[in-house]
Amino acid sequence: MRPLVAHIDLDALRHNYRLACACAPQSQSVAVIKADAYGHGAVACAQALESKALESQVPAFAVACLEEAMVLRDAGIQTPIVLLEGIFSADELPYVDKHRLWMAIHSGWQLDALQAFTPSAPIPVWLKVDSGMHRLGFAPEQAVSVWRTLEAMPEVSALHLMSHFATADAMDTGYFSQQMATLKALAAELDAPLCLANSPATLARPEAHGAWNRPGVMLYGSDPLEAPTKFTRQLQPVMTLRSEIIALREVDVGEPVGYGGRWRAARRSRIAVIAAGYGDGYDRHAVDGTPVLVNGKRAALAGKVSMDMLTVDVTDIPSAAIGSEVVLWGKSHNGEVLSIDEVARHCDTISYTLLTGVLPRVPRHYAGV
Ligand SMILES: Cc1ncc(COP(=O)(O)O)c(C=O)c1O
């Protein structure tokens, strides 16, 4: 068997969820498990968060669309599920009703569709306001009349005001404060309960904590903040992308390694070939020097990532041998952690793309079920 596996630690997922709740004890924390729980497997993660191993039940899950919600319902997940982008067409409403889903409303046509529909029970609705992200949502001026309309509709229950931050992760809080001011004014006018905080706001912006928060990436152990805090240091990696050395060779000074000969040996070097490549979702943009753990010790990528393999300079790790453990991100057998955020910085990307980019050919193995 090819040795590359994504190990998913469900105890770490529960630990991170508890941390999200501890950061915002006055809020209910919806667990964001869209995009197949950021690549971790939505059903397994939902089951882990529904299990008795978590002392307080997760009050709701959030997904992007009906299809993602249906996968969870088909697997027997009973917890409320909110559709963060609501419906994509009016014919989804009978399913929203039948499967007891909650929905965001971000556009006039969604409001019209709901008005024309008679559900068997009122549908919980989160009205999405564009407070500055300029992606989805009603402008604050429009939101007042839409709120009043929704409030008066018997088809609607548990109405909340929802918005999303563009810069909650940044050290410069200027634009975040501007969005907060808009939302505070609107919430005061409407006397509306709020659902605003994503992971960075859950971790570091208590003023954004509302009736509900929506932590996502932090549940998987990634630190979304530009500057770490005492909370982010407590996050535990949920996914460990682990493989092995499948070949070793020595190269002389000046010899190139891999496509295009990007890396050249500055000294006589020992190069390990690892079973993992961009065909598995490991980012091809990884630069020379991107860290990996070999037998729990840090080593550096040497040469461009290939489809099924990558190459690492293990000159300084004499114990490296065929079959040695290689961690691309996550936790090594000796307890050493390689943060996915550090790897992402070497790929000029973010942990979100690395996690959601791990391809189906990489088997997921679960612990803590
Ligand atoms: C509307 C909405 N809420 C919450 C989240 C969770 O964000 P994060 O993963 O940064 O916590 C996302 C993620 O993209 C989102 O789109």
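As recorded in an unreviewed UniProt entry, the protein goes by Alanine racemase and comes from Vreelandella vilamensis. In its Function (unreviewed entry) section, the UniProt entry covering the protein states "Catalyzes the interconversion of L-alanine and D-alanine. May also act on other amino acids." Here the protein is described in UniProt, under the heading Pathway (unreviewed entry), as follows: "Amino-acid biosynthesis; D-alanine biosynthesis; D-alanine from L-alanine: step 1/1."

**Student:** Account for the packing of helix α7 (residues 140–151) against helix α8 (residues 174–190), naming residues and giving values.
**Tutor:** Two elements in contact, α7 and α8, have axes separated by 11 Å at closest approach and are oriented at 25°. Judged by the inter-axis angle, α7 sits roughly parallel to α8. When the axes of α7 and α8 are compared, the crossing they make is right-handed. Contacts between α7 and α8 involve Pro140, Ala143, Val144, Trp147 and Arg148 from the former and Thr182, Leu186, Glu189 and Leu190 from the latter. In the contact of α7 with α8, the residues fall into 6 nonpolar, 1 polar and 2 charged.

**Student:** Residue-level account of unusual backbone geometry, with values.
**Tutor:** Among all residues save glycine, negative phi is the norm, and among peptide bonds the norm is trans. Positive phi is not limited to glycine here, since Arg100 has a value of about 50°. For Arg100, the location among the structural elements is in the loop between α5 (93–98) and β6 (101–105). The phi torsion at Asp191 lies on the positive side, around 55°, for a residue other than glycine. With respect to the helices and strands, the residue Asp191 is situated in the loop between α8 and β9 (194–195).

**Student:** Summarise the pattern of salt bridges; cite the residues concerned and give the values.
**Tutor:** Using the criterion set out here, one finds 13 salt bridges in the structure. Of the charged contacts, one joins Asp288 and Arg262 as a salt bridge, the two residues approaching to 3.1 Å between their closest N and O atoms. Here Asp288 is found in the loop between β14 (269–275) and β15 (291–294), whereas its partner Arg262 is found in the loop between β12 (256–257) and β13 (263–264), with 26 residues between them in sequence. In this structure Asp288 comes out as partly exposed when scored by relative accessible area, which is 28%. For Arg262, a relative accessible area of 32% puts it in the partly exposed group. Look at the salt bridges and you will find they share partners, linking Arg2, Asp280, Asp308 and Arg361 into a network.

**Student:** If you had to explain the environment of Ala116 to someone new, which residues and values would you point to?
**Tutor:** Secondary-structure assignment places Ala116 in the loop between α6 (108–115) and β7 (123–128). In this structure Ala116 comes out as exposed when scored by relative accessible area, which is 71%. Between the C-alpha atoms of Ala116 and Lys128, which are 12 residues apart in sequence, the distance is 20 Å.

**Student:** Which residues make up the environment of Cys45, and what are the values?
**Tutor:** Residue position: Cys45 is located in helix α3 (residues 42–50). Not counting residues up to four positions away in its chain, the partners in contact with Cys45 are Leu10, Leu13, Ala37, His40 and Tyr220.

Calculation criteria
- Residues numbered from 1 in each chain as written.
- Predicted model: local features only at pLDDT ≥ 70, side-chain atom pairs only at ≥ 80, totals over all residues.
- Heavy atoms only, no water.
- UniProt positions renumbered as here; feature names shortened; annotations may be inferred.
- Axes fitted to C-alpha atoms, helices over the stretch in contact; angles between N-to-C directions.
- Helix = DSSP H or I, 4+ residues; strand = E, 2+ residues; numbered from the N terminus.
- Parallel < 35°, antiparallel > 145°, perpendicular 65-115°, else oblique.
- Left-handed = near helix turned anticlockwise from the far one by under 90°.
- Contact = heavy atoms within 4.5 Å.
- Nonpolar A, V, L, I, M, F, W, Y, C, P; charged D, E, K, R; others polar.
- Salt bridge = Lys/Arg side-chain N within 4 Å of Asp/Glu carboxyl O.
- Buried < 20%, exposed > 50% of the residue type's maximum accessible area, 1.4 Å probe, protein only.

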